[in-house]
Amino acid sequence: MIGIIGIVTVFAMVFGGYLAAGGKMGIIFKALPYEMTMIGGAAIGAFLISNDMSAIKQTVRDIGRVFKGPKWAHADYRDLLCLLFELIRLARQNPVAIEEHIEAPSESSVFSKYDKILQDDEAIALICDTMRSASMNYDDPHQVEEVLEKRMEANMHHAMHSSHALQTVADGLPALGIVAAVLGIIKTMGSIDQPPEVLGKLIGGALVGTFLGVFLAYGFVGPFAAKVKSVTEEDSHFYQLIREVLVANLHAHATNICIEVGRQNTPSHHRPSFSELEDALKTVKQGAA
């Protein structure tokens, strides 16, 4: 909703101010289809040239995140801590029993309680791979920690590609607007023998290209890139929490300490209170009893 409000505000303030100053929309409407074809078409073409198909699909999907916002909410962080509590406790009580859960999470009675998390392939893979590493009795937990850090850096780099791709388009749009404006001036020069009122409209139409390139870059595509980056960084905290809890487990801290480490590392606006998490864990314990 806030994204839609932002778009409406941009249009209302820019064109409202233009009309209030005595501007006329006729010349903009007349030039818009042609200028948009040149600038928008060139921007899309450049985007296709600089990205492969998987990156294009990822960027299209991520544009929707501008309006949807982050994937993970307060309740999801609480559920994640409860899930990790169950898995760590089970692994310590019965190391053999944990294997059936981490080898086939889709069939696990533990994972099935947390459907949203179960549907996230990366979260499940991160949990299962790390739990599997813990069962191998690594002599140095820092080895697993280092592997996790590199894995998450690679995932973050991949996730940020959409933001970088959109920002590249935003950076290029003003220049493409100048290209369209120059073409308009060339067209105008071919009609140099026309009266001033005709030349004025032609020059005005050419300048619509410059306006459109800057307007799209700084009013829409740039902010879209910034929002995708912000949402991606926000969602990355969910996976960082998994790493923090499971690394604490590798260091053989008490189960409750591992979960408290995770709670403390949860972003403040999503962090469950100590009493809220305690109540949730009591429910988990009663369900397992």
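The structure this text deals with has already been given above.
Predicted model only: the values in this text are computed from it and were never measured.

The residue Q58 is located in helix α3 (residues 53-63) in this model. Taking the relative accessible area as the measure of exposure, Q58 reaches 8% and is therefore buried. Side-chain polar atoms of Q58 contact the side chain of S162, separated by 3.5 Å. Dropping the residues within four chain positions of it, Q58 is found in contact with H158, A159, H161 and S162.

A word on the nonpolar core. Formed by 42 residues in total, the largest nonpolar core has its most connected members in I117 and I127. Elements with a contribution of two residues or more to this core: α5 (74-93), α6 (98-103), α8 (121-135), α9 (141-159), α11 (196-250), α12 (255-264) and α13 (274-288). It is α5 that provides the largest number of residues to this core, a total of 10 residues. Non-local contacts of I117, meaning those with residues more than four positions away in its chain, are made with W72, D76, D79, L80, L83, A123, I124 and F238. Among the nonpolar cores identified, the runner-up in size contains 20 residues, and I28, A165, V208 and L216 belong to it.

Right, let's get into a nonpolar patch on the surface. Residues Y34, M38, I178, V179, V182, L183 and I186 make up a contiguous nonpolar surface patch of about 670 Å² in total accessible area. Of all elements in the fold, only α2 (26-50) and α10 (161-189) reach the threshold of two or more residues within the nonpolar patch. Residue contributions to the nonpolar patch peak at 5 residues, all from α10. As for its position among the elements, Y34 is in helix α2.

We now examine the pattern of salt bridges. Per the counting criterion, the structure on display carries 16 salt bridges. Here R65 and D235 are joined by a salt bridge, their closest N and O atoms 2.6 Å apart. Of this pair, R65 sits in helix α4 (residues 65-68) while D235 sits in helix α11; the two residues are 170 residues apart in sequence, bridging distant segments of the chain. For the residue pair R65 and D235, the accessibility class agrees, reading buried in each case. The partner of R78 in a salt bridge is D79, and the shortest N-O contact between them spans 3.8 Å.

Another point: α9. Over its 19 residues, α9 runs 27 Å from end to end, which matches the ideal 27 Å to within 8%, given 1.5 Å per residue. Regarding α9, the residues found buried are P141, V144, L148 and M152. Summarising the axial view, the buried residues of α9 lie within an arc of 65°, below the 170-degree limit, and thus occupy one face. Opposite the buried face of α9, by more than 90 degrees, sit the exposed residues V147, K150, H157 and H158.

Let's shift gears to the environment of L212. Residue placement: L212 occurs in helix α11. The exposure class of L212 is buried, given its relative accessible area of 5%. When the C-alpha atoms of L212 and R271 are compared, they prove to be 43 Å apart, with 59 residues separating the residues in sequence. Those residues in contact with L212 that sit more than four places away from it in its chain are L32, E35, M36 and I39.

The final tally for this structure, using the stated rule, is 12 aromatic pairs. With a centroid separation of 5.3 Å and 45° between ring planes, the pair formed by F11 and F220 is classed as tilted. Of this pair, F11 sits in helix α1 (residues 2-20) while F220 sits in helix α11, placing them 209 residues apart in sequence.

This part is about unusual backbone geometry. Phi is positive for A252, close to 65°, though the residue is something other than glycine. Mapped onto the fold, A252 is located in the loop between α11 and α12.

Packed helix pairs are characterised by how far apart their axes lie and by the angle those axes make with each other. Two elements in contact, α1 and α11, have axes whose closest approach is 11 Å; the angle formed by their N-to-C orientations is 155°. Considered as vectors, α1 and α11 are oriented roughly antiparallel to each other. Classified by chirality, the crossing of α11 by α1 is right-handed. Between α1 and α11, the residues in contact are I7, V10, F11, V14 and F15 and F211, F215, G219, F220 and F224, respectively. Classifying every residue of the contact of α1 with α11 gives 9 nonpolar, 1 polar and no charged.

Before going further, it helps to spend a moment on the state of the cysteines. Applying the stated criterion across every chain, the model contains 0 disulfides. Sulfur of C128: no disulfide; nearest cysteine sulfur belongs to C258 and is 17 Å away.

Every buried residue of α3 is accounted for by A55, I56, Q58, T59 and D62. Down the axis of α3, the smallest arc covering the buried residues is 165°, so these residues share one side. In α3, the exposed residues that point more than 90 degrees away from the buried face are M53, V60 and R61.

Criteria and cut-off values
- Residues numbered from 1 in each chain as written.
- Predicted model: local features only at pLDDT ≥ 70, side-chain atom pairs only at ≥ 80, totals over all residues.
- Heavy atoms only, no water.
- Helix = DSSP H or I, 4+ residues; strand = E, 2+ residues; numbered from the N terminus.
- Buried < 20%, exposed > 50% of the residue type's maximum accessible area, 1.4 Å probe, protein only.
- Polar contact = N/O pair within 3.5 Å; in protein donor to acceptor, adjacent residues only side chain to side chain.
- Contact = heavy atoms within 4.5 Å.
- Core = buried A, V, L, I, M, F, W, Y, C linked by side-chain atoms within 4.5 Å.
- Patch = residues over 30% accessible without salt bridge, like charges linked within 9 Å, V, L, I, M, F, W, Y side chains within 5 Å.
- Areas by Shrake-Rupley, 256 points an atom, 1.4 Å probe, with all protein chains shown as cover.
- Salt bridge = Lys/Arg side-chain N within 4 Å of Asp/Glu carboxyl O.
- Expected span 1.5 Å × (residues − 1).
- Arc of directions from axis to C-beta.
- Phe/Tyr/Trp six-rings, centres within 6.5 Å; stacked < 30°, edge-to-face > 60°.
- Axes fitted to C-alpha atoms, helices over the stretch in contact; angles between N-to-C directions.
- Parallel < 35°, antiparallel > 145°, perpendicular 65-115°, else oblique.
- Left-handed = near helix turned anticlockwise from the far one by under 90°.
- Nonpolar A, V, L, I, M, F, W, Y, C, P; charged D, E, K, R; others polar.
- Disulfide = S-S within 2.5 Å.

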